[in-house]
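Now for the letters of each chain:
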Amino acid sequence: MISASTQQAINKCLRLGIPFAVFAFPGKNDIHFIAGNVSDADDNIAADIFNDISGEYGFVINPFGIGHENRIVISGSMSEFEIINMPDSVDKCDYCPITPDESTDYDSYKSQIERIVDWHKTYGGKTVLSRIVSIESCKSPADVIDSYFSEFPNCFRHAYFTSKTGFWIGATPELLLDYTLSSNTAITMSLAGTRKAGDSAADWDGKNTREHDIVTDYICEAFMRNGLNPEVSLGQQLPFGEIEHLCHVITAQGAVDVDRLLLDLSPTPAVCGYPRAHALNMITSMEKHRRTCYGGYIGVIQPDKIRLFVNLRCASVTELPNSGFLYTLYGGGGITAESNSESEWIETAYKMSRLYRIITGDNGLASLIYPLNTNLRD
C-alpha cells in the first residue's frame, strides 16, 4: 500500500532527524507524505493555528492533556522527492527523546481499577485508565506502517516524527473534529463502549451504554457552550478489528472559534473521563507511564478545512542501540462503578492485538491477556 519511495523517505527522515508525517484519511487509499525543514525540527510549536488557515497545510500533533501550548505542526515544506534526494548524513537521531516506560503489570493495574471503581461507586462518573505493552522487534517501522495502514482502511492512519514527540504509528477510528470554514460545518463523534464484534443483533449492556452516554452528553454540552446546536445521529456500531464501539455522529452548523472549541472537547471523556479535572488527576497519579501523544489528537490542516482525530490504537517507536526497535503500545478503557479489572484488561488486549500481531507475528491475545487464566479466543 505504501510505495517504495515513501518508505525510503520515511527511513531517510528518521535517519536525519527530519520532522515528517505520513497519513491516509478514513476510506481513502491515497497516502500523503509531508516533511519540514531540518532547521525547523526544534521550532515547530504552534499554540495558535486555527484562527486563519486559509492558505495553511500541515500535520497537527497535540499531546494528551488540557490545553494546546505544546501543540506541534509539521509544515509540509519538503516533498518526498526532496527528502530522498537530500545528501545523507552519518549522524543518527534518537527516535524518542525520552526513555521508554516498562510494560504495565496486571497487579498494579488491578489495584488501580479497584481504587477507581470505589470512587465512582460513591461519586459517579468515569475515568479512562490506560496500560502499555513494550516489545522488542526486528521488524522495521516502514513495514509496520505498511501493514497497519492496509488492515484499517476505515481509520485515520498516521505515522509521524518530531524531535519533541519521537516517532509514533497509529490507526484511530475516532474523529475529534471535522470543521469546514466556508460552510461553518462541524462534525464529531461520540465513541465509547466496547464489545467483541459480531454482536450487533444484541442490545448494548448497561455499563457500556452509560459509559457512552457520558461522552455524548459531554460533547453536546461543549458544542452548546460554543454557540452550536448539536444534532445527534442514531447509534451505530463502529468496528475495529475483533471489537466494535458504540458510535453517534454529532453535527452542528455555525461559526466558531476552533481553538476554544478544542479546549472544551479535548480530552473528551472517551480518553480521559468525567468529571474531566478529577479524571485527569486520577490518571496522573495512578498511571506509571507517560501518555505523551496517546489520547491527544492528530490531524491535518487544509485550506478551508480542519480534520482532527483522537490519537488511539497507537505505538511509540524507539530505535535500540544494538539492533531492532522497541514498540510501546497503548490501550485504555473507561472505568465506572460497574467495571472489573479482568474485563478491562481483556478489553485493552483486544484494542492492542492487531498492532501487536503486525509487529511480532503472533496473534497477540494470549500474550496481551497474560497472566489471566482465560480461554478467550480471537
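A quick note: this is a predicted structure, and the numbers were derived from the prediction, not measured.

Conventions used here
- Residues numbered from 1 in each chain as written.
- Predicted model: local features only at pLDDT ≥ 70, side-chain atom pairs only at ≥ 80, totals over all residues.
- Heavy atoms only, no water.
- Buried < 20%, exposed > 50% of the residue type's maximum accessible area, 1.4 Å probe, protein only.
- Helix = DSSP H or I, 4+ residues; strand = E, 2+ residues; numbered from the N terminus.
- Pairing = 2+ DSSP bridges.
- Salt bridge = Lys/Arg side-chain N within 4 Å of Asp/Glu carboxyl O.
- Expected span 1.5 Å × (residues − 1).
- Arc of directions from axis to C-beta.
- Contact = heavy atoms within 4.5 Å.
- Polar contact = N/O pair within 3.5 Å; in protein donor to acceptor, adjacent residues only side chain to side chain.

Asker: What is the right way to look at the pairing of strand β6 (residues 156-162) in this model?
Answerer: Each regular strand displays side chains that alternate between the two surfaces of the sheet. The element β6 is largely enclosed, with a buried count of seven among its seven residues. Neither face of β6 is open: one carries Phe 156, His 158, Tyr 160 and Thr 162, the other Arg 157, Ala 159 and Phe 161, and all of them are buried. Where strand β1 (residues 20-24) meets β6, five bridges bridge the pair, whose relative direction is antiparallel. Bridge pairing in β6 links Ala 24 to Arg 157. Pairing geometry for β6 and strand β7 (residues 166-172), over seven bridges, is antiparallel. If you follow His 158 over to β7, its bridge partner there is Gly 170. The antiparallel pairing of β6 with β7 creates a hairpin that spans three residues between the two strands.

Asker: Mind showing me how you'd approach the pattern of salt bridges here?
Answerer: Pairing between side chains becomes possible if they bear opposite charge and their charged atoms approach one another. A full pass over the atoms with the stated rule returns 15 salt bridges. For Glu 151, the salt bridge is made with Arg 357, and the minimal N-O distance between the two is 2.8 Å. One end of the pair, Glu 151, is in helix α4 (residues 141-151); the other, Arg 357, is in helix α8 (residues 341-360), and 206 residues separate them in sequence. Classification of Glu 151 as partly exposed rests on a relative accessible area of 27%. Note on Arg 357: relative accessible area 29%, which makes it partly exposed. For Glu 211, the salt bridge is made with Lys 207, and the minimal N-O distance between the two is 2.9 Å. Of this pair, Glu 211 and Lys 207 are both found in helix α5 (residues 206-225), four residues apart, which corresponds to roughly one turn of the helix. The two residues Glu 211 and Lys 207 agree in class, both being buried. Within the structure, one salt-bridge network assembled from shared partners comprises Lys 126, Lys 207, Glu 211 and Glu 344.

Asker: How should helix α3 (residues 106-123) be read in this particular structure?
Answerer: Helical periodicity: at 3.6 residues per turn, an α-helix aligns residues three or four positions apart in one direction. With 18 residues, α3 should cover 26 Å at 1.5 Å per step; its first-to-last C-alpha distance of 26 Å lies within 8% of that length. Turning to α3, its buried residues number three or more, namely Tyr 106, Ser 108, Tyr 109, Gln 112, Ile 113, Ile 116, Val 117 and His 120. The buried residues of α3 occupy an angular sector of 165° when the element is viewed end-on, so they sit on one face. Opposite the buried face of α3, by more than 90 degrees, sit the exposed residues Asp 107, Lys 121 and Thr 122. The elements touched by buried residues of α3 are β5 (126-137), β13 (273-274), α7 (276-286), β17 (325-335) and α8. With a side-chain oxygen positioned 3.3 Å from the backbone nitrogen of Asp 107, the residue opening α3 is Asp 105. Where α3 terminates, the next one or two residues include Gly 124, which has phi positive at roughly 75°.

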